[in-house]
Amino acid sequence: MCIIFSFLIRRVVDLIKLSKRQEEILQIVKDEGPIPGNQIAEKLSLTRATLRPDLAILTMVGNLEARPRVGYYYKGPELDQLTDWFSNHYVHQYMANPIVIKKSVSVYDAIVQIFLMDVGTLYAVNQNGHLAGVISRKDLLRASIGNRNLQELPVNVIMTRMPNVITIKPEATLLEAARKMIDYHIDSLPVVQEIDAEEHIFQVVGRVTKTTITRAFIEMGSH
Ligand code: ADP
C-alpha cells in the first residue's frame, strides 16, 4: 500500500517538478507534436539516447504519449486539471483528527495508542496543549530495540521535537501538503494554527497523511 501512496503522491508532485530539459521537450511537443523522438533530439541539439530517460519519465507520468511510427504527442489538458484540482483543494477540507498524546507518556503507552487508534504517527503536546513533537512507527520501533524499560521511557526522549517538526496550515493546498511529505520523506503532517510562530507555539488542529492525499486523488477521479 505504501508503494501505491508514494506513487500517487509522487505523480502529483512530479507534474510540478519537471526539469528544464523536460519543460523544453513538452514545449516542443505541444507546438509541433506529434513529433518523433529523433526530431525532438535534433531541436535540442542532443542525441536520441541522451533524451531517452526524459521521454520515458514524461511518458510514464502521463505528460506525453508515444504512438508507434507517429511520435510523441502532448496529453496535457487532463494533467493540468489534476494539478489545478490539487491546487484548489485545501488541507482543512480533507484533514483527519489528530491523535495527540502528552509528551510525558511512556513509549509503551504510545505503542498501545498507535495500535488502538490505527494510525502511523502520534503528535505529542506539552503541558499547555501545544505541539511538542512527532512520534512515528519507526521512532517507536527504534526505541523498542534493546530497551526493556518502555514503561519508564517518556516519548519526549525519542520523538522528533519542535522546532524540527514540519507542519502545515489548514488553508494550505493539498498540493503543498503532498510536496512537503515528499520533500521531507515523512508520512504525515500535523495541521496547526499559529499561536506564536517565532516562539514555535502551535495548536494542533488536524492531521494530513499520505492516505489523505490518496483519498483526495480517488475523489478527484470520481468527479
Ligand atoms: P515511519 O516511521 O513509519 O517511516 P515517517 O516516515 O513519517 O514514518 O517518519 C520518519 C521520521 O520522520 C521519524 O523519525 C519521525 O519522527 C519523523 N517525522 C515524521 N513526521 C514528521 C514531521 N511532520 N516533521 C518532522 N519529522 C517528522
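Structure first, text after, so check above.
Here the structure is a predicted model, which means the values were calculated and not measured.

Caption draft 1: Region of interest: the site of the ligand. The local shell around the ligand holds 14 residues, among which Ser136, Asp139, Thr160, Ile166 and Asp187 are the closest. The contact in question runs from an oxygen atom of the ligand to an N or O atom on the side chain of Arg137, over 3.5 Å. Within the side chain of Asp139, one N or O atom sits 2.5 Å away from an oxygen atom of the ligand. Here the ligand has 550 Å² of accessible area as a free molecule, and 85% of this is covered by the chains. Where the shell around the ligand is concerned, the elements lending two or more residues are strand S5 (131–136), helix H8 (137–144) and strand S7 (188–196). In terms of residues, the shell around the ligand owes the most to one element, H8, which gives three residues. Considered class by class, the residues forming the shell around the ligand number five nonpolar, five polar and four charged.

Caption draft 2: How the structure looks around H8. Turning to H8, its buried residues are Asp139, Leu140 and Ala143. Mapping the buried residues of H8 onto a view down its axis gives an arc of 95 degrees, with all of them on the same face. Exposed residues lying more than 90 degrees from the buried face of H8 are Lys138, Leu141 and Arg142. Tucked into the core, H8 has its buried residues touching helix H7 (107–116), S5, helix H9 (155–158) and strand S6 (160–161). Looking at the residues trailing H8, positive phi occurs at Gly146, about 70 degrees.

Caption draft 3: A nonpolar patch on the surface, seen in detail. On the surface, Tyr108, Val112, Leu116 and Met117 cluster together to form a nonpolar patch covering roughly 380 Å² of accessible area. Structurally, the position occupied by Tyr108 is in helix H7.

Caption draft 4: Broad picture of the pairing of S5. Counting buried positions over the six residues of S5 gives five, a clear majority of the element. Sheet topology places strand S4 (residues 121–125) next to S5; five bridges connect them, and they run antiparallel. Within S5, the residue paired with Leu122 across the bridge is Ile135. Between the end of S4 and the start of S5, which pair antiparallel, lie five residues, with Gly129 showing a positive phi angle near 85 degrees. Alignment of S5 against S6, held across two bridges, turns out to be antiparallel. In the sheet register, Val134 faces S6, and the bridge partner there is Thr160.

Caption draft 5: Here's a closer look at the pattern of salt bridges. Under the criterion given, the structure shown has eight salt bridges. Here Asp54 ties to Arg21 by a salt bridge, and the two come within 3.0 Å at their closest N and O atoms. Of this pair, Asp54 sits in helix H4 (residues 48–60) while Arg21 sits in helix H2 (residues 20–32), and the two are 33 residues apart along the sequence. Taking the relative accessible area as the measure of exposure, Asp54 reaches 9% and is therefore buried. A salt bridge links Lys75 to Glu65; the nearest nitrogen and oxygen atoms lie 3.3 Å apart. Within this pair, whereas Lys75 is found in the loop between strand S2 (71–74) and helix H5 (76–87), its partner Glu65 is found in strand S1 (residues 64–67), the two being separated by 10 residues in sequence. Overall, Glu65 belongs to the partly exposed group, its relative accessible area being 30%.

So, how was this worked out
- Residues numbered from 1 in each chain as written.
- Predicted model: local features only at pLDDT ≥ 70, side-chain atom pairs only at ≥ 80, totals over all residues.
- Heavy atoms only, no water.
- Near = heavy atom within 4 Å.
- Polar contact = N/O pair within 3.5 Å; in protein donor to acceptor, adjacent residues only side chain to side chain.
- Areas by Shrake-Rupley, 256 points an atom, 1.4 Å probe, with all protein chains shown as cover.
- Helix = DSSP H or I, 4+ residues; strand = E, 2+ residues; numbered from the N terminus.
- Nonpolar A, V, L, I, M, F, W, Y, C, P; charged D, E, K, R; others polar.
- Buried < 20%, exposed > 50% of the residue type's maximum accessible area, 1.4 Å probe, protein only.
- Arc of directions from axis to C-beta.
- Contact = heavy atoms within 4.5 Å.
- Patch = residues over 30% accessible without salt bridge, like charges linked within 9 Å, V, L, I, M, F, W, Y side chains within 5 Å.
- Salt bridge = Lys/Arg side-chain N within 4 Å of Asp/Glu carboxyl O.
- Pairing = 2+ DSSP bridges.

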